[in-house]
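What the coordinates show
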Amino acid sequence: MSSPNTPPVSAQDFAASILQHLKTSLGKDAPHASLYDWRMSLSLALRDLVVDPWFESTRRTYEARGKRVYYLSMEFLIGRLIEDVAVNLQMDEVASEALESLGQTYEKVVADEPDAALGNGGLGRLAACFMDSLSTLGIPAYGYGIRYEHGLFEQHFDKGVQVETAETWLEQRHAWEFERPEVNYPILFGGHVADEDGKAVWHPEETVIASAFDTPVVGWEGRWANTLRLWAAKPDRNFDLESFNRGDYIAASAPEALARTISRVLYPDDTTDVGKELRLKQEYFFTSASLQDLVRRFLSEGGDLKSLPDYVAIQLNDTHPAIAGPELVRILMDLHSFEVSDAISTARGCLAYTNHTLLPEALERWPEDLFARVLPRHHRIIQLIEAAHFAEAGEQVRIIEHGEVKMGELAFVMAHHVNGVSALHSELVKETVFADLHQAYPGRIVNQTNGITPRRWLYACNPPLRNLINDTIGTAWPDDLEKLQGLNAHLDDPAFIDRFQAAKDTNKARLSDWLKDRDGVSVDPAAMFDVQIKRIHEYKRQLMNLLETVALWNEIRDNPNGAWTPRVKIFGGKAAPGYVVAKEIIRLINDAGAVINGDPATKGLLQVVYPENYNVSMAEVLIPATDLSEQISTAGKEASGTGNMKFALNGAPTIGTLDGANVEIRDCVGAENFFLFGLTAAEVAARRMEPDYARHAIEASPRLGRVLEQIRSGVFSPSDKDRYAGLVDGLFNHDYFLVTCDFDSYFDTQRVVDTAFADARSWTRLAALNTARVGWFSSDRTISGYARDIWNVRSMLATGSGDRDVA
Ligand SMILES: *Cc1c(COP(=O)(O)O)cnc(C)c1O
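Residues numbered from 1 in each chain as written. Predicted model: local features only at pLDDT ≥ 70, side-chain atom pairs only at ≥ 80, totals over all residues. Heavy atoms only, no water.

Per an unreviewed UniProt entry, the protein is named Alpha-1,4 glucan phosphorylase, and its organism is Roseobacter ponti. Checking UniProt for the protein, the heading Sequence similarities (unreviewed entry) contains the comment "Belongs to the glycogen phosphorylase family." In its Cofactor (unreviewed entry) section, the UniProt entry covering the protein states "pyridoxal 5'-phosphate". (UniProt positions renumbered as here; feature names shortened; annotations may be inferred.)

Here's what the structure looks like:
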C-alpha cells in the first residue's frame, strides 16, 4: 500500500481517469459537462482508488480469521465525502491540479456535493468519526445502519420562524455506494406465536426485504478500508399480480409503498423519542438485517455459533438497536436449536451498549401492547431474558414494567459491557439511570470518552493551520494526535504566534466571505467570533446565550464610550419539528438579532448572526474561524459533547460549564486556560430542591430582570408584544435547566473573556495552546479504548514501523 504522503496517482493520470468517467459513467463529453457531471466523475475516479485497499482489507481479514467489529447505529451523520476520501488517500492536491488542468475549480466541485445527513447531531456524527478511526487503525469493521431516502430535514427561516422541508440527497445519484441487489434478508413483523411440540413457533404476517448498499470507508493513507453497509427497505414481492391483472393497479402497489416507508425518512427527534410504530419497525428492520448478515458471514467461514463471541463484537450505539439482544437469542434458539441459557450467554458475549443520555425522557420505552403486536416472538424472548436476569441478579430491576418495555434496561442486561461517553457521564450513569443494575453487575459499566477524527476536523477543514503544524512539528500527527504536544515548545515563539494568528485570520476571512455569498450578511473579521452551534435544546441553553447578548446590548447602550470588545454572536442549529420551546428560542434569537443588528448605537460592537440549516459542511467552515467556543449546558446534562473538542482542536478557547467532556478538556488545557462558570452537577441537583429557586435568582439580578422584562414586554416583537410571555414565564416558574441561576456567573465570565481577547497576542497564545493540548480527543484514542476494554479486537496492521514502507 502507499507510502506516507505519496499520492498513488499523478495529476495527469488522474485527469485522464476523470475524463474517462465523464465519458463512460456519465455519458458526457467535456464541453457539455455540468458541475454535477464533473463532481460525479471526480467522485468515481477517487472511488476507484479505494477499491484495491478495500479488497485487500477484506482478504486479510478472511485469511487471518480476524475478529470483526459490527457498529450498529440508527444514524451516520457523514457529511460530504470527496474531500474526506481525497485527504485520506493523499490525493487532495493531485485532485485539485487535475481538475485545474481540465478547466474546473476543485473547491467549486467539492462544494456541489450534498451532505449525507443520515443523523440528527452528535450521536450520528460520532458514528461517522468512529468509522474513520476503525479504518485508520486497521480494525476489521462494518458499520450498519439505514439508507434513509430523506436525511435530516432542511431548515429555513420564515420571518425568524423555523420551517422544515424534506432533504433529498438521493435525488442525484450517490457516487460512493455500491448497490448489492444479491444481499437481501427478509424482515418479519406481526402475526402470532404458537406452541408446537413444546416449541414456540413464530407465524409472522408481514415481510419486508432489507437490501444492502455498501460504501467503502478508507482510513488514513489508504492503509485499510472497511464497509458502511446501509439497508434499504423493499417489498417482498414487487406487485400483487392478481390484483394487477384485475386492473387494480393502485391496490397492487400498496404493499410496495408500505414497505418502502420503513427506510423513507430519518426521525428528526434529537434526544427525545416518540413511541411510534414506524420507528420501532425501523429499529428492528436494520438490526435484524445486520444480525442475519453477520451470522451468515460467520457460518460461511465455517464457524461454530458457540464461538461467535470470539469472532464478533457488536456495539449498540444507544438503545435504538437494543432489540439486537432478543433478536440474536431468537436466531440462536429458533433457527439453530440453542437452549435458552446458551443463547442468552452467547448473545451477551457478543453485545455491548453505549449510553448517550441521562435525560429520562430520552430513554426509550415502548408500550407493551404495541411491542407485542409488532414483535410477538421478541416479546416472549424478553420475558425469558428477564427471568434469566432475575435468576442471576435477584428480582430487582424489571425490563417490562407498568405496561412498557424498557430498552435501556434490556440493552444493559444483554450487554457484557455498558459504556458512558465521558468520565463525568459514566459516573452519573452508575449513580442515576442504572444505579441498581450497576450494583447487580459491578464492573459492567466502563467509560470511553468520545473523540473526533482529526482528518476531517483539522487536516481537511483547516488548511492554514494544518500547514503551520506540518511546518512546525512535521507530518506524523494526523494519526498520532498526541504529537500536537510538540507545539507547546513553540507557544512563546513570536513567529509561531504570528503564523497562528495569520491562519485564524485566513479562516475568519473565509467565513466572512461565505456568510456574504450565502446570506448577504457582512461581518467584521476583526471582531470576536463567538460561536454556539449544535441542536437547539433547553439543556444546551442557547436561551442563556441570547439573554447574555441582550444584557450586553443594554450595557453598551448605557455606556457607549466604554472599552467594548466587538463581538459577533453566531448561532447555528435545528430544533426538532415538534419541540415547541426550542422553536420559540430560535424565533427569539432571530427577532432579537434583527433589533440589535439594526441599532446604530451598538453597530460595530455587537452583531447576531444565525445562518440557517446547520450541518456538517457548515461546521467545517465555522469551527476553524471561531474565536470563542460556547459549551454552556446545564451541568450533568450533556453526556459528552464532541463539538467542544472540534473547537478546541482548531484553536478556540472554551467558555463552559463542568459538564460532559468539558471537564476533561479543561484538565488537558489547564484550568487557567478555560473560562469556567456555573453550578456543578451536584450543585444543580441541590438547587432544584430549593423552592422558587428561579424567582430568587431573578430577584437577585437586576441585569437579568431587565432583560426578561424587555423580552416579555415585546421590545423584540413590537408587532406581537406577548409573543414571548410564555417563554419568560417558563423561566420564572420552572426553569428546569437553571438558566436564571447560572446567568450572572455566565455574564461575568464573558466580561473576563472580553478583557482577555483585547490582548491579541496572549489570546492567540491561548488559542494555540488549546490546539497543542487536546490531541487526546482523537477518536483514534477512543476506538483504541473500545478495542482494548470492550471488544478485545486487534489491529490488522502490523504495529511499529515495519508495516509502513518508509519513503
Ligand atoms: C459535531 C457535531 C454535532 C455535535 O455537537 P455538540 O456541540 O457536541 O452537540 C452536531 N451536529 C453536527 C453537524 C456536528 O458536526
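So, next bit.
Before going further, it helps to examine the domain arrangement of the protein. Per the domain assignment, the segments making up the protein are domain 1 (1–64 + 81–114), domain 2 (65–79 + 115–450 + 787–803) and domain 3 (454–678 + 745–778). Summarising the inter-unit geometry, the C-alpha centres of domain 2 and domain 3 are found 35 Å apart. Taken together, the contacts link 40 residues of domain 2 with 43 residues of domain 3. Carbon and sulfur atoms supply 55% of the area buried between domain 2 and domain 3, which totals about 3,300 Å² over both sides. Among the residues of domain 2 in contact with domain 3, Q155, F157 and W220 are the three that bury the most area, contributing 19% of the side total. Where domain 2 touches domain 3, the interface holds three salt bridges. Taking the shortest distance from any N to any O, the salt bridge between D132 and R455 comes out at 2.8 Å. Here domain 2 and domain 3 share 20 residue pairs in polar contact (both at pLDDT 80 or more) between them. (Domains from an automatic or database assignment. Contact = heavy atoms within 4.5 Å. Buried area = accessible area lost by both parts, 1.4 Å probe. Salt bridge = Lys/Arg side-chain N within 4 Å of Asp/Glu carboxyl O. Polar contact = N/O pair within 3.5 Å; in protein donor to acceptor, adjacent residues only side chain to side chain.)

A word on the sheet that holds strand β11 (residues 225–235). Across the sheet, which stays open at both edges, the nine strands sit in the order β7-β10-β11-β4-β1-β12-β13-β17-β18 with mixed pairing between neighbours. In the strand order of this sheet, the two ends are held by β7 (178–189) and β18 (445–447), each with one partner. Taken over all neighbouring pairs, the strand axes of this sheet differ in orientation by 25 degrees on average, direction set aside. Where strand β10 (residues 206–218) meets β11, 11 bridges bridge the pair, whose relative direction is antiparallel. What sits directly across from T215, in β11, is L228. (Pairing = 2+ DSSP bridges. Helix = DSSP H or I, 4+ residues; strand = E, 2+ residues; numbered from the N terminus. Axes fitted to C-alpha atoms, helices over the stretch in contact; angles between N-to-C directions.)

Taken as a whole and assessed by the stated rule, the structure comprises 59 salt bridges. Residue R567 is joined to D530 by a salt bridge in which the shortest nitrogen-to-oxygen separation is 2.7 Å. Here R567, found in strand β20 (residues 567–572), pairs with D530, found in strand β19 (residues 528–533); they are 37 residues apart in sequence, far enough to count as distant. Pair check on accessibility: R567 and D530 agree, each one buried. Here D754 and R751 are joined by a salt bridge, their closest N and O atoms 2.7 Å apart. (Buried < 20%, exposed > 50% of the residue type's maximum accessible area, 1.4 Å probe, protein only.)

In total, this model carries 27 aromatic pairs according to the counting rule given. Measuring from ring centre to ring centre gives 6.4 Å for W54 and F55, while their planes differ by 25 degrees; the resulting arrangement is stacked. The buried category is assigned to W54, whose relative accessible area is 5%. The structure contains a cluster of three or more aromatic residues connected by ring pairs, namely Y70, Y142, Y144, Y185 and W231. Across from the ring centre of W553, 4.7 Å away, lies the NZ or CZ of R557, which sits over that ring. Taking the ring centre of W457 as reference, the NZ or CZ of K646 above it sits at 4.3 Å. (Phe/Tyr/Trp six-rings, centres within 6.5 Å; stacked < 30°, edge-to-face > 60°. Lys NZ or Arg CZ within 6 Å of the ring centre and 35° of its normal.)

Our focus in this paragraph is the UniProt feature "modified residue: N6-(pyridoxal phosphate)lysine" (unreviewed entry) in the protein. Taking the numbering used here, the UniProt-annotated feature "modified residue: N6-(pyridoxal phosphate)lysine" (unreviewed entry) corresponds to K646. Position of K646 among the secondary structure elements: in helix α24 (residues 643–649). By relative accessible area, which is 7% here, K646 ends up buried. Ignoring anything within four residues of it in the chain, the contact list for K646 reads R125, I452, W457 and I623.

Trans is the prevailing form of peptide bonds, just as negative phi is the prevailing case for residues other than glycine. Positive phi outside glycine occurs at R65, with the angle close to 50 degrees. Assignment of secondary structure puts R65 in the loop between α2 (35–64) and β1 (68–72). Phi angles above zero are rare outside glycine, and E221 is one such case at about 60 degrees. Note that E221 resides in the loop between β10 and β11. Residue E221 is classed as buried on the basis of its relative accessible area, which comes to 7%.

Put simply, the largest pocket is a space of about 1,200 Å³. Lining the largest pocket are 39 residues, with R80, E107, V110, A111 and S617 positioned closest to its centre. Those elements giving two or more residues to the lining of the largest pocket turn out to be α3 (82–88), α4 (92–101), α5 (106–111), α18 (454–460), α19 (463–473), α20 (494–519) and α23 (616–622). (1 Å grid on protein atoms, 1.4 Å probe; cavity = no way out; pocket = protein on both sides within 12 Å on 5 of 7 lines; lining within 4 Å. Points joined across faces, edges and corners; volume = space filled by probe spheres on them.)

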